[in-house]
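# A look at the structure
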Amino acid sequence: MESLLRSYWNLPVLLFFSLLLWKTCEARAGADSRPNILILMADDLGIGDVGCYGNDTIRTPNIDRLAKEGVKLTQHISAAPLCTPSRAAFMTGRYALRSGMASTNSIRILYWLGGSGGLPSNETTFAKVLQQQGYTTGLIGKWHLGVNCESYNDFCHHPLNHGFDYFYGMPHTLLGDCQLGKPLELGIVLRYRLWFYTQMIALAVFTIVVINLTGFFLFSWKIIFSLVLFGILFFISWYISFGFVRYWDCLMMRNYEITEQPMKVERTYSLIVKEAVSFIERNKKGPFLLFVSFLHVHTPLVTSERFIGRSRHGLYGDNVEEMDWMIGQILEVVDKQGLQNNTLTYFTSDHGGFLEAQQGDIQLGGWNGIYKGGKGMGGWEGGIRVPGIFRWLGVLPADTVIDQPTSLMDIYPTVIHLGGGKVPQDRVTDGHDLMPLLQRKVQYSDHEFMFHYCGVYLHAVRWHQKEVGAVWKAHYTTPVFHPEGAGACYGRRTCTCAGEQVTHHDPPLLFDLSRDPSESNPLSIATEPQFDTIVKKIEKAVEEHRTTLTPVPLQLTWWNNMWKPWLQPCCGTFPVCWCDQETENRHSHLQEVKD
Ligand SMILES: *[C@@H]1O[C@H](CO)[C@@H](O)[C@H](O)[C@H]1NC(C)=O
Ligand SMILES: *[C@@H]1O[C@H](CO)[C@@H](O)[C@H](O)[C@H]1NC(C)=O
Ligand SMILES: *[C@@H]1O[C@H](CO)[C@@H](O)[C@H](O)[C@H]1NC(C)=O
């Protein structure tokens, strides 16, 4: 009896342990089947710049190869037409204004590395979820989502605080100022700097007036003091506005440590390739998430000598071809390590090409193919329709084209599910898992409506009416184009989102992208009998969308986007910031990449 009882007792224990064993094995088997994730993102690349998207004169064999071996999306849409908001939405799977990364003013990107705005710490990136699921996560290249909040080393917005185990790259963005001997960034950027400049002069005048009103100094001393003070403030403001941008913003970091300040942009491309290759080699046992965020093909188009003059499209084309070569180097190591079958590789661009980037007749920005508009514009297709290619040998079909509307925000749930994680349920997210569509298990994407923002302003809405195969797009606001500038705004300036430089449309400009992808012939009641019904349906969707928005602290206000000396990452003793750790290893670096 007693022994029987004991064995009865043992049964549940035995069961428990076998269950535990089974669970552990399952988890291990599960871990093995989870793919590595390799994300390749270009900066400012237009959809028309890529061979497999129809460009027959620019050579992008490595990107084309990804498309040949995988799925090419032809209606892949970025959540915003500009770096900071598009990347914030990409990392969080939600429209930028949900995280406060959308602007109400004319500066729509994080402007200084020493500003306090950035991706809030309570946002959960896909990297963070995958990190919790046991992935080794790395970011190599551009971040542009902020660094510090309150002190120069709190790193509240830093990649390492957003789920990356490893970061090597540029916490800010490439600017004209980063390359010695290149003209400074003009346009809107210049305006902002002048604003700072004027602010300092106003401060000087104010101080001088105050001093003169007090009886503190003798008259002659007052004049001398005023002149000296004015001179100092003038110099500081000039220095900060123009002279020192290269030191303030153009720097490279490894994790929390600054490796080069200012960076030597000419060698950055080789360092990025080397770091990406070495990350993959280090983590080949996987699973890993590697996000390679290229500085290419942003101005000033820093290109190595090997590629200068090689393309048929000037410096811009050379730069695109160099980036394609870099992708080739990274894919080669994936192949060499035998990881092709368990790595999901994704290629995209953060938004469309920069049409205003021109010097005389020379093109310095991307080409958006048949699509109207470009970088910085709210809703026009050219600024938001980007390449989107997925390759996962043996799992995704090869040489497949999918025309369904998809979003860069879809990467969020897609990679989280593949990594065995859960999409946070305590907030609204806007992406949909792409795997069923990519594997051709479903015919339609889950996107019925997409909202096209310019800063915090809703400029256009897309409605995919599956039953009839139409993709309606209603523009409520559009930028005013330069009369001769064929679909671009003035000078080297990005378009604005509000104010005098935009036109409001009531009723909205309506297009059917399935028949008119270039958005050239707006529909009217005369040409589209369903006009009113369509517009009403879209308006209802906008109302519903608005109910899902909650106010959050804005990250791109004047105050948050201002240069604050106490937040400036600095290698050395502020304001003397200088270091160059790479030079010591330069020879080995270059050697390895060349081999
Ligand atoms: C190919 O890309 C270049 C560079 O952006 C562009 O000038 C050219 O028009 C493109 N060609 C086609 C056929 O799209
Ligand atoms: C990848 O899968 C294919 C079949 O789908 C197989 O022929 C090939 O050997 C695999 N490669 C590796 C490196 O496992
Ligand atoms: C993050 O914090 C801000 C305010 O501190 C809040 O408004 C916002 O809803 C929070 N976001 C999330 C996703 O919890």
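Only a predicted model underlies this, so the values are computations on that prediction, with no experimental measurement involved. Along each chain, residues carry numbers from 1 onward, in the same order as the chain's sequence is written. Labels are handed out in written order, letters beginning with A for the chains and numbers beginning with 1 for the ligands. In view of the model being predicted, local features appear only for residues whose pLDDT reaches at least 70, and side-chain atom pairs are presented and counted only at 80 or more, with totals across whole chains, interfaces and linings using the full set of residues. Derived side-chain values reflect all non-hydrogen atoms in the structure, with water molecules and hydrogen atoms excluded from consideration.

### Side note on the nonpolar core
Joining through side-chain atoms within 4.5 Å is the link that ties buried Ala, Val, Leu, Ile, Met, Phe, Trp, Tyr and Cys residues into a set, and such a set is a nonpolar core. Burial here depends on accessible area, computed with a 1.4 Å probe over protein chains only, as a share of the maximum for the residue type. Under 20% is buried, over 50% is exposed, and the range in between is partly exposed. Counting residues in hydrophobic clusters, the biggest one holds 79 residues, and the most contacted among them are F90 and I538. Top contributing element to this core by residue count: helix α13 (residues 531-547), with 6 residues. Should any heavy atoms of two residues lie within 4.5 Å, those residues are counted as being in contact. Beyond its immediate sequence surroundings of up to four residues, F90 is in contact with I39, M41, F126, F291, Y346, L408 and I411. Labels follow the DSSP assignment, with helices taken as runs of H or I lasting at least four residues and strands as runs of E lasting at least two, numbered in each case from the N terminus.

### A closer look at the site of ligand 3
Proximity criterion: a residue is near a molecule or strand once any of its heavy atoms comes within 4 Å of it. Neighbouring ligand 3 are R94, N122, E123, R427, V552 and P553. Any pair of nitrogen or oxygen atoms within 3.5 Å is treated as a polar contact; in protein, a donor-acceptor pairing is required on top of that, and neighbouring residues in sequence qualify only through side-chain atoms on both sides. One of the side-chain N or O atoms of N122 is found 2.3 Å from an oxygen atom in ligand 3. Reported accessibility uses the Shrake-Rupley method at a 1.4 Å probe radius. Residues are deemed covered only where the shown protein chains occlude them. For ligand 3, the protein covers 53% of the area, taking 350 Å² as the surface of the free molecule. Of the residues that constitute the shell around ligand 3, the class distribution is 2 nonpolar, 1 polar and 3 charged. Amino acids are sorted into nonpolar (Ala, Val, Leu, Ile, Met, Phe, Trp, Tyr, Cys and Pro), charged (Asp, Glu, Lys and Arg) and polar (every other residue, Gly among them).

### Side note on the site of ligand 1
Close to ligand 1 lie G48, D49, G54, N55, D56, T57, I58, H313, Y316, Q363 and W367, which account for all nearby residues. For ligand 1, the accessible surface in isolation is 360 Å², of which the surrounding protein chains cover 77%. Looking at the shell around ligand 1 residue by residue, the classes come out as 3 nonpolar, 6 polar and 2 charged.

### Thoughts on the packing of helix α8 (residues 265-282) against helix α9 (residues 314-336)
Where α8 meets α9, the closest approach of the two axes is 9 Å, and the angle between their N-to-C directions is 20 degrees. As summarised for this structure, α8 and α9 are arranged roughly parallel, according to the angle between their axes. Once α8 is placed against α9, the crossing between them reads as right-handed. On the side of α8, the interface is formed by Y269, I272, V273, A276, V277, I280 and E281, while α9 contributes E322, W325, M326, Q329, I330, V333 and V334. Considering only residue class, the contact of α8 with α9 consists of 11 nonpolar, 1 polar and 2 charged. Fitted lines through C-alpha atoms give the axes, limited to the stretch in contact for helices. The angle between two N-to-C directions lies from 0 to 180 degrees. Oblique is the label for any angle not covered by the other classes, which are roughly parallel (under 35 degrees), roughly antiparallel (over 145) and roughly perpendicular (65 to 115). For any pair of crossing helices, the crossing counts as left-handed if the nearer helix is rotated counterclockwise from the farther one by less than a right angle, and right-handed if it is rotated clockwise.

### Notes on the side chain of H475
Relative to the helices and strands, H475 resides in strand β16 (residues 470-479). H475 sits in the buried class, given a relative accessible area of 0%. Reaching out from H475, the side chain makes a polar contact with the side chain of E519 at a distance of 2.7 Å. Once residues within four sequence positions are removed from consideration, H475 is found in contact with G379, W380, H459, A460, H505, P508, L509, F511 and E519.

### Some thoughts on α9
Two residues of an α-helix separated by three or four positions point the same way, owing to the 3.6 residues in each turn. A helix's residues, less one, multiplied by 1.5 Å, set its expected span. The first and last C-alpha atoms of α9 sit 33 Å apart over 23 residues, in line with the 33 Å expected at 1.5 Å per residue. The buried count for α9 comes to 18 of 23 residues, which makes it a mostly enclosed element. Looking one or two residues past α9, G338 carries a phi angle of roughly 70 degrees, positive in sign.

### Looking at the packing of helix α2 (residues 61-68) against α9
If you want to describe how two helices pack, look at the angle between their axes and the distance between the axes. With their axes 7 Å apart at the nearest point, α2 and α9 run at an angle of 50 degrees to one another. As summarised for this structure, α2 and α9 are arranged oblique, according to the angle between their axes. Taken together, the residues of α9 that come into contact with α2 (itself represented by P61, N62, I63, R65 and L66) are M323, D324, W325, I327, G328, L331 and D335. When the residues that make up the contact of α2 with α9 are grouped by side-chain class, the tally is 7 nonpolar, 2 polar and 3 charged.

### Quick look at the environment of D44
Among the secondary structure elements, D44 is positioned in the loop between β1 (36-42) and α2. The class for D44 is buried, based on a relative accessible area of 2%. Each C-alpha atom, one on D44 and one on L82, is 8.4 Å from the other, the two residues being 38 residues apart in sequence. When neighbours within four sequence positions are excluded, D44 is seen to be in contact with C83, V297, H298, Y316, S349, D350, H351, G352, G353, F354, G366 and K375. A polar side-chain atom of D44 sits 3.1 Å from a polar atom in the side chain of H351.

### Focus on helix α3 (residues 83-92)
α3 sits mainly inside the fold: 10 of its 10 residues count as buried. Buried residues of α3: C83, T84, P85, S86, R87, A88, A89, F90, M91 and T92, and no others. Along its buried surface, α3 packs onto β1, α4 (126-132), β3 (136-142), β7 (288-293), β8 (343-349) and α11 (411-418). One or two residues past the end of α3 sits G93, with phi positive at roughly 70 degrees.

### Re unusual backbone geometry
Omega for the peptide link from G286 to P287 comes to -5 degrees, which places this bond in the cis form. Relative to the elements of secondary structure, P287 occurs in the loop between α8 and β7. Cis geometry marks the peptide bond from H296 to V297; its omega dihedral reads 0 degrees. With a phi close to 55 degrees, L301 is a non-glycine residue in the positive phi region.

### What to know about the confidence of the model for the protein
Residue-level confidence of the predictor, termed pLDDT, takes values from 0 up to 100. Within the protein, residue pLDDT values average 89, and 87% of them lie at 70 or more. Within the model, pLDDT remains below 50 along residues 589-595, and this stretch shows 9 contacts once partners closer than five positions in the same chain are excluded.

### What about a nonpolar patch on the surface?
A cluster of nonpolar side chains, W221, I224, V228, I232, F235 and I236, forms an exposed patch at the surface whose accessible area comes to about 580 Å². In this structure, W221 sits in helix α6 (residues 219-243). Note on patches: the residues involved have over 30% relative accessible area and no salt bridge, like charges join within 9 Å, and the nonpolar side chains Val, Leu, Ile, Met, Phe, Trp and Tyr join within 5 Å. The term salt bridge refers to a side-chain nitrogen of Lys or Arg lying within 4 Å of a carboxyl oxygen of Asp or Glu.

### Brief notes about the state of the cysteines
When two cysteine sulfur atoms are found within 2.5 Å, that pair is recorded as a disulfide. On inspection of all chains with the given rule, the structure shows 6 disulfides. The disulfide that involves C489 links it to C495, with 2.0 Å between the sulfurs. Residues C489 and C495 are joined through a disulfide that is right-handed, its torsion about the S-S bond being 100 degrees. The same class applies to C489 as to C495, namely buried. Each bonded cysteine of the protein gets a number by its place in the sequence, and the pairs then read 1-2, 3-4, 5-8, 6-7, 9-11, 10-12.

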